[in-house]
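A look at the structure
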Number of protein chains: 2
Amino acid sequence: MGLVVQKYGGSSVADAEGIKRVAKRVVDAKKNGHQVVVVVSAMGDTTDELIDLAGQVSPIPAGREFDMLLTAGERISMALLAMAIKNLGHAAQSFTGSQAGVITDSVHNKARIIDVTPGRIRTSIDEGNIAIVAGFQGVSQEGKNITTLGRGGSDTTAVALAAALDAEVCEIYTDVDGVFTADPRVVKKAQKIDWISFEDMLELASSGSKVLLHRCVEYARRYNIPIHVRSSFSGLQGTWVSNEPQGDRKVEQAIISGVAHDTSEAKITVVGVPDKPGEAASIFRAIADSGVNIDMIVQNVSAASTGLTDISFTLPKAEGRKAIDALEKTRSAIGFDSLRYDDQIAKISLVGAGMKTNPGVTAAFFEALSDAGVNIELISTSEIRISVVTRADDANESVRAVHTAFGLDSDTDEAVVYGGTGR
Amino acid sequence: MGLVVQKYGGSSVADAEGIKRVAKRVVDAKKNGHQVVVVVSAMGDTTDELIDLAGQVSPIPAGREFDMLLTAGERISMALLAMAIKNLGHAAQSFTGSQAGVITDSVHNKARIIDVTPGRIRTSIDEGNIAIVAGFQGVSQEGKNITTLGRGGSDTTAVALAAALDAEVCEIYTDVDGVFTADPRVVKKAQKIDWISFEDMLELASSGSKVLLHRCVEYARRYNIPIHVRSSFSGLQGTWVSNEPQGDRKVEQAIISGVAHDTSEAKITVVGVPDKPGEAASIFRAIADSGVNIDMIVQNVSAASTGLTDISFTLPKAEGRKAIDALEKTRSAIGFDSLRYDDQIAKISLVGAGMKTNPGVTAAFFEALSDAGVNIELISTSEIRISVVTRADDANESVRAVHTAFGLDSDTDEAVVYGGTGR
């Protein structure tokens, strides 16, 4: 029996009852002979309440102080969890990100982990303790200031600790049963995935699946740490994310892992761009300099008679204003006709490593959408993913149609509630 | 203009409005040319809410984890205060007790400061920042664990930092205008004291005055740091506590500084103790071993005919049960008759260095009580204090009578609200 890192999100420790339930589960793992390190998020809405408080005293809270503020949330939940575990008769010690050796860069509010020096954690568990670590936070290498890792940061803390401690598995406990073939709120017959490869999980995460964040999966893949996503409210097996299915988890790789959808993006079309070298570069340099992250990019061949072309791209709705402003400023230099902004779009993605060796997948995907009467506005593909942009109103119908067409529907309706993972 | 340490209690930073008001006051001190270090308590009821949460997960929360939990409170208030100050256009940085170099022993929940190494604070203020420090907390020399200093700990943090940084003054901001000649809730004509010596303040603090805790005043006296207790809600001068009145604060030393009362104690009388050497020692050894702190001790001469004597002492009501249990256990060994427990008592104390050289004070004190029809149950004196125990019901009347008798009444009714200082 080796070392297990368990991570519990905010919804799992939302109140005293939740903390006691988590404590029991942690103790069970210890009783089974594991060394246990627990990473915990802030309780329920604590973080949002702190953000609200910050907004009341300052319209633009400073990064360093904002991080100092937010890290209070995990401090509360980790101390309470340690107390609850001790109350069950087991030794426990809680550690801040700094005490746990989570070293980050100095980018406040979205720091990146650059090293983990888990000496105190190792000592603590070797002395028989269950170690509780505050998720989402670290300490900067320069300046020794408290930093936070941004949304989903606790999952990354857990995976990074699992890597540094050479853990057997990193268990991510959340309020859903695992990763599903589609969002169960949209597709009643969505099925829990028993095993999924890192690669497919990365594509799902960047296509709108919210169970695991891209960054966390990327970290796990780099250090080859198996992730087990499961519910803290049941004893069921969840979804294993790893390089290869192992042990009694041997399952056949599915051709298609799942269907993801994302309605958080908007589309900008730059109309009438002179079709000559350097124009696209100028446009995306302007966007990049404004700090906006873009997703899909599509450029159609230009109509030969005009010498003009249209370039479309998608980006988070929240960054729409910034991108439009940046483009308007460069309008005369670039020389395009106009900008179209459209935030009533959805992105539908089909993900599966099997599509590499199954040539009919793309055609079947488009046929399913066509049969459902859904118009496709943009298309973009990777080796193991096809994404299309449709009208936002068509999103749910599109996901259901594709899910059925690829034989992903379960025989019975699943009774699950699907939600976020805290952070 | 030198360095000023300001401390704000929980009631001063109870909400966003309070934090913004404090920020303005801090900035004013900076604008006046001072270097400013601010020590801040947790917001309003935060600490009590955290204690309540701890009680929900564990009946007896562990010391180390309890401290980790409670220190979240100051983390929140200090970060918010730093943000609010930055929002006024001034540079500010917040520091935990550990970052500020507050080194303590390892006694969780009531640690004592054993050293302050304020290197980071010094650097921060020398760079032009206002430094905000979390009160009430430190880090243990051994083990580097987070500790808390117990009730009133933030005041001690402020005085300790003031000493380590060689500050001009330590300003303690609270929700009252200063130290009064008696509790203004009881004595309408109580007057604010402009200046009081460390010695008199120590006696008042140990006699029931709650504005400053004994430990904080003791620390200030040892390092000769003037304390200025004042309201965070007004711009008024408060009460200076120092060795000698200085500068324009020259005031004559009053014969009597004030009248304090305390209704938080109970009285235990050990009846029928054999009047021979070692009996009192055995009784108080039993009490001490149970961890109970006692206050006044009175033993009457024994009635020659019986060879038995009675020993009475006072102690905090909260520790009554423990003391009785400890005494019952040693009953046969000590050989007393019975125990009497009485929690309907009040302690009335008259404090003033002037009584050393004014022989009539004791007589006048007893006459005032007698004229008010108050019966005295116990008497105890120090060089600059006389305390008596009366019935709890007589407390307010006693304080008023003594206050008037010693000419402490103001000519006008003061319009102040008197309350606690947070921690």
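Source: prediction; values computed, not measured.

**Considerations on the interface of chain B and chain A**
At the junction of the two partners, chain B supplies 41 residues and chain A supplies 41 residues. When the two sides are added together, the surface that chain B and chain A hide from each other amounts to roughly 3,300 Å², 63% of it contributed by carbon and sulfur. Per-residue buried area on chain B facing chain A is highest for B:Val57, B:Arg75 and B:Met83; these three make up 23% of the total on that side. One can count 0 salt bridges joining chain B with chain A. On inspection of chain B and its partner chain A, the count reaches 14 residue pairs in polar contact (both at pLDDT 80 or more). When residues of the side of chain B that touches chain A are traced back to their parent elements, those giving at least two are helix 1 (16–31), helix 2 (46–57), helix 3 (63–87) and strand 3 (92–95) of chain B. For the side of chain B that touches chain A, the element with the most residues is helix 3 of chain B, which contributes 17 residues. Looking at side-chain class alone, the side of chain B that touches chain A contains 24 nonpolar, 10 polar and 7 charged residues.

**So, helix 12 (residues 395–405) of chain B**
The α-helix advances 3.6 residues per turn, and as a result positions three or four apart in sequence lie on the same side. Residues and elements named next belong to chain B. Among the residues making up helix 12, those that are buried are Ala395, Ser398, Val399, Ala401, Val402 and His403. Elements in contact with the buried residues of helix 12: strand 13 (258–262), strand 18 (345–351), helix 11 (361–371) and strand 20 (385–391). Following helix 12 by one or two positions, Gly407 adopts a phi angle in the positive range, close to 65 degrees.

**A closer look at the relation of the copies chain B and chain A**
Here chain B sits on chain A after a turn of 180 degrees about the axis and a move of 0.0 Å along it, with an RMSD of 0.1 Å. What the rotation and shift describe, once combined, is the action of a two-fold rotation axis. Taking the C-alpha atom as reference, chain B places B:Ala72 closest to the rotation axis, 2.5 Å from it. By residue overlap, the copies meet face to face through one surface: 100% of the interface positions of chain B are interface positions in chain A.

**As for the sheet that holds strand 9 (residues 169–174) of chain B**
Residue and element names in this part refer to chain B. On the basis of which strands lie adjacent, the open sheet formed by 8 strands has the order 3-6-2-1-9-11-12-10 and mixed pairing. A single partner strand is all that each edge strand has here, and the edge strands are strand 3 and strand 10 (195–197). If you compare each strand with its neighbour and ignore which way they point, the axes differ by 20 degrees on average. Sheet topology note: the strand 10/strand 12 (residues 239–242) ladder contains 3 bridges and is parallel. Across the sheet, Ser197 pairs through a bridge with Ser242, a residue of strand 12. Sheet contacts for helix 1: strand 1 (3–8), strand 2 (35–40), strand 6 (130–134), strand 9 and strand 11 (227–231); angle to strand 1, the most-contacted strand, approximately 170 degrees.

**Quick look at the sheet that holds strand 13 of chain B**
All names here are of chain B. The 4 strands are arranged 13-18-20-19 in an open sheet whose pairing can be described as antiparallel. Each edge of the sheet is formed by a strand with only one pairing partner; in this case those strands are strand 13 and strand 19 (378–382). In this sheet, neighbouring strand axes are inclined to one another by 20 degrees on average, regardless of whether the strands run parallel or antiparallel. Note that strand 18 and strand 20 share 7 bridges and pair antiparallel. Residue Ala346 lies in a different strand from strand 20, and its bridge partner there is Thr390. Docked against the sheet, helix 6 (residues 198–205) engages strand 13, strand 18, strand 19 and strand 20, running at close to 175 degrees with respect to strand 18.

**Section: the confidence of the model for chain A**
Residue and element names in this part refer to chain A. Mean pLDDT for chain A: 90, with 94% of residues reaching 70 or above. In this model, residues 414–423 is a region of pLDDT below 50 whose contacts with residues beyond four sequence positions or in other chains number 37 contacts. Across the whole predicted complex the pTM is 0.83, and at the interface the ipTM reaches 0.78.

**Focus: the packing of aromatic side chains**
In total, this model carries 8 aromatic pairs over all chains according to the counting rule given. Look at B:Tyr8 and B:Tyr173: their rings are 4.5 Å apart centre to centre, the planes differ by 10 degrees, and that puts the pair in the stacked class. Note that B:Tyr8 is positioned in strand 1 and B:Tyr173 in strand 9, a separation of 165 residues in sequence. Comparing B:Tyr8 with B:Tyr173, the two get one shared label, buried. Between A:Arg222 and the ring centre of A:Tyr219, over which it is positioned, the NZ or CZ distance is 5.2 Å.

**A closer look at the nonpolar core**
Ranked by internal contacts, the top residues of the largest apolar core, which has 76 residues, are A:Leu80 and B:Leu80. Discounting chain neighbours no more than four positions away, the residues touching B:Leu80 are A:Leu53, A:Ala54, A:Val57, A:Leu69, B:Ile19 and B:Met43. One finds A:Ile121, A:Ala131, A:Ala162 and A:Cys216 within the second-largest nonpolar core, a separate group that totals 45 residues.

Thresholds applied
Residues numbered from 1 in each chain as written. Chains lettered and ligands numbered in written order. Predicted model: local features only at pLDDT ≥ 70, side-chain atom pairs only at ≥ 80, totals over all residues. Heavy atoms only, no water. Contact = heavy atoms within 4.5 Å. Buried area = accessible area lost by both parts, 1.4 Å probe. Salt bridge = Lys/Arg side-chain N within 4 Å of Asp/Glu carboxyl O. Polar contact = N/O pair within 3.5 Å; in protein donor to acceptor, adjacent residues only side chain to side chain. Helix = DSSP H or I, 4+ residues; strand = E, 2+ residues; numbered from the N terminus. Nonpolar A, V, L, I, M, F, W, Y, C, P; charged D, E, K, R; others polar. Buried < 20%, exposed > 50% of the residue type's maximum accessible area, 1.4 Å probe, protein only. Least-squares fit on C-alpha atoms with pLDDT ≥ 70 in both. Pairing = 2+ DSSP bridges. Axes fitted to C-alpha atoms, helices over the stretch in contact; angles between N-to-C directions. pLDDT = per-residue confidence, 0-100. Phe/Tyr/Trp six-rings, centres within 6.5 Å; stacked < 30°, edge-to-face > 60°. Lys NZ or Arg CZ within 6 Å of the ring centre and 35° of its normal. Core = buried A, V, L, I, M, F, W, Y, C linked by side-chain atoms within 4.5 Å.

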